[in-house]
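Results of the structural survey
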Amino acid sequence: MDQKMKILVVDDFTTMRRIVKNLLKQLGYENIDEAEDGQQALSKLKNDKYHFIISDWNMPNMTGIELLQQVRSDLELKALPFLMVTAEAEKERVIEAIKTGVNNYIIKPFTAEILKDKMEKIFEKMAGKS
Amino acid sequence: MSIQKKEKQEAENLECVKDNNSLLEMEKAIALIFNKAVEEGNKINGFLGIVEDVQALLKAIIQGDIETAEKYVIKFTNLGSKDLFSEVGKITRKLHDSIQEFQENISPRLKNLPMNELPEATDKLQWVIEKTEEAASRTISLVEKHLGCQEKTSKIINQIEKYFTENRIPADLNEKDLAYLKDVNQDLPKDLMEILIAQDFQDLTGQIIKKVIQLIADIENQLVKILQIFGVKLESRPKPEGLALSQNIKQEHMVSGQSEVDDILQQFGF
């Protein structure tokens, strides 16, 4: 995996964004940008080149699952790895996310270990595919 | 003379006074009163008395005895209103009692709800959000600071290591580095304490959340009381244990944590 990759962290809570950002920094990722909802994320994604999305589910304006739908239906963005990090713990939700095309799913609260593990899994899978 | 015959004759006599408009009005009134009387008669003992009065009234009208007829009409009107009033009275009484009971049981609290307690609860929860955010922000800032420091101290430590292994003072190691290490070392316990203290929100917010939960439970109880007092029939079903039941229902569909999510992910080939 490329430590220089640009990661977009999408969450409506500053605290959560900061936590994720710091965890990512600990994992060696320096190039991190933030968005406070799906809408802002989408406009950032369309204007700049990103390599990875980490998004919350419940957000105003545009939710994480809506963002995922938008990303997957966009020709330019559809291959972007998308990691959902959310407090949504219903089975139906997890399955909905999978069906919409999420690359992995983390339930809040989570540890640095889980984040690392899930990101690695995504990269492994992507390496296997390509 | 039998009643039927008598009535028949009286009916014929009625033709004579048909022109009189006020009598027509009376006729209508009597019909109403009669209906009312029959209705009331089923319940009230004075049914026969009313029937007799009605007959007398009819007779008076037929005979053109307006004065007598008027007396009966007034009597009936009074009777009707009395019943009507007594009905309204009963309802009013019931309503009054209900309101009284309502006030005695719940009003002091309920009166305060929309004006004070609910806005207060909203404020309190808002305060919880602010307090937790503030604590999180304080903590994260300090963590960020020391993560940054640690990066720099690592470099300095490497330099010092070089001094020992290579037995020479590295060019970029100087007194400033020592001062930096001292500063960081001095800040660390202070900042750790601040992180520790920042966690005090847990206690305060916990208490407030408990109060809000209590308030919600109270509102639920009071709403049930209102429904009971005002006679809305509640569906008979096992009474849920407050919030616990809905939580249980929710939990059935909830995965217990990351490991279960991982199981689902695995099922889908992740």
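Refer to the structure above for everything that follows.
Attention here is on the structure that accompanies the text.

How each quantity is defined
- Residues numbered from 1 in each chain as written.
- Chains lettered and ligands numbered in written order.
- Predicted model: local features only at pLDDT ≥ 70, side-chain atom pairs only at ≥ 80, totals over all residues.
- Heavy atoms only, no water.
- Pairing = 2+ DSSP bridges.
- Helix = DSSP H or I, 4+ residues; strand = E, 2+ residues; numbered from the N terminus.
- Axes fitted to C-alpha atoms, helices over the stretch in contact; angles between N-to-C directions.
- Expected span 1.5 Å × (residues − 1).
- Phe/Tyr/Trp six-rings, centres within 6.5 Å; stacked < 30°, edge-to-face > 60°.
- Buried < 20%, exposed > 50% of the residue type's maximum accessible area, 1.4 Å probe, protein only.
- Lys NZ or Arg CZ within 6 Å of the ring centre and 35° of its normal.
- Salt bridge = Lys/Arg side-chain N within 4 Å of Asp/Glu carboxyl O.
- Polar contact = N/O pair within 3.5 Å; in protein donor to acceptor, adjacent residues only side chain to side chain.
- Parallel < 35°, antiparallel > 145°, perpendicular 65-115°, else oblique.
- Left-handed = near helix turned anticlockwise from the far one by under 90°.
- Contact = heavy atoms within 4.5 Å.
- Nonpolar A, V, L, I, M, F, W, Y, C, P; charged D, E, K, R; others polar.
- Buried area = accessible area lost by both parts, 1.4 Å probe.

Considering the sheet that holds strand β5 (residues 104-107) of chain A
Residue and element names in this part refer to chain A. Strand order in the open sheet made by the five strands is β2-β1-β3-β4-β5, with parallel pairing throughout. The open sheet terminates on both sides in strands that have one partner only, identified here as β2 (32-35) and β5. Pairwise comparison of adjacent strand axes, ignoring direction, gives a mean angle of 20° for this sheet. Taken together, the three bridges between strand β3 (residues 52-55) and strand β4 (residues 82-86) define a ladder with parallel strand orientation. Bridge pairing in β4 links Ile54 to Leu83.

Some details on helix α1 (residues 14-26) of chain A
With 13 residues, α1(A) should reach 18 Å at 1.5 Å per residue; the first-to-last C-alpha distance of 18 Å fits that figure. Where α1(A) terminates, the next one or two residues include A:Gly28, which has phi positive at roughly 100°.

A short note on the packing of aromatic side chains
Residues and elements named next belong to chain B. Going through the model one piece at a time under the given rule, you end up with three aromatic pairs over all chains. Relative to Phe164, the ring of Tyr163 lies with its centre 5.1 Å away and its plane at 70°, an arrangement referred to as edge-to-face. Residue classification places Tyr163 among the partly exposed positions, given a relative accessible area of 35%. Exposure remark for Phe164: the relative accessible area of 63% places this residue in the exposed category. Here the basic side chain of Lys152 rests over the ring of Tyr180, its NZ or CZ set 4.2 Å away from the ring centre.

Remarks on the pattern of salt bridges
All names here are of chain A. The final tally for this structure, using the stated rule, is 18 salt bridges over all chains. Note that Asp33 and Lys44 form a salt bridge whose closest N and O atoms lie 3.2 Å from each other. Here the residue Asp33 occupies a position in strand β2, and Lys44 occupies one in helix α2 (residues 38-47), the gap between them amounting to eleven residues. According to the relative accessible area criterion, Lys44 is partly exposed, its value standing at 24%. A salt bridge links Lys121 to Asp117; the nearest nitrogen and oxygen atoms lie 3.7 Å apart.

Quick word on the environment of B:Glu166
Residues and elements named next belong to chain B. Residue placement: Glu166 occurs in helix α5 (residues 107-166). Taking relative accessible area as the criterion, Glu166 reaches 41% and is therefore assigned partly exposed. Polar contacts involving the side chain of Glu166 include one to the side chain of Arg168, which spans 2.8 Å.

Observations concerning the packing of α2(A) against helix α3 (residues 64-72) of chain A
All names here are of chain A. In the contact formed by α2 and α3, the axes pass within 9 Å of each other and the chain directions differ by 25°. By the angle class used here, α2 and α3 are roughly parallel. In terms of crossing hand, the pair formed by α2 and α3 is right-handed. Side by side, α2 and α3 meet where Gly38, Ala41, Leu42 and Leu45 of the first sit next to Leu67, Gln70 and Val71 of the second. A breakdown of the residues in the contact of α2 with α3 according to their chemical character gives five nonpolar, two polar and no charged.

A short note on the interface of chain B and chain A
By convention, interface size is frequently given as the accessible area that disappears when the constituent parts associate. With 21 residues of chain B at the contact, the number on the chain A side is 23 residues. When chain B packs against chain A, close to 2,000 Å² is buried across both sides, 62% of that on carbon and sulfur atoms. If you sort the residues of chain B by the area they bury against chain A, B:Ile140, B:Gln258 and B:Phe270 come out on top, with a joint share of 28%. The tally of links between chain B and chain A comes to two salt bridges. With a closest N to O distance of 2.5 Å, A:Lys118 and B:Asp262 form a salt bridge. Listing elements by their share of the side of chain B that touches chain A, those giving two or more residues are α5 and α9 (258-267) of chain B. Counting residues per element, the side of chain B that touches chain A draws most heavily on α5(B), which supplies seven residues. The residue makeup of the side of chain B that touches chain A, split by class, is ten nonpolar, six polar and five charged.

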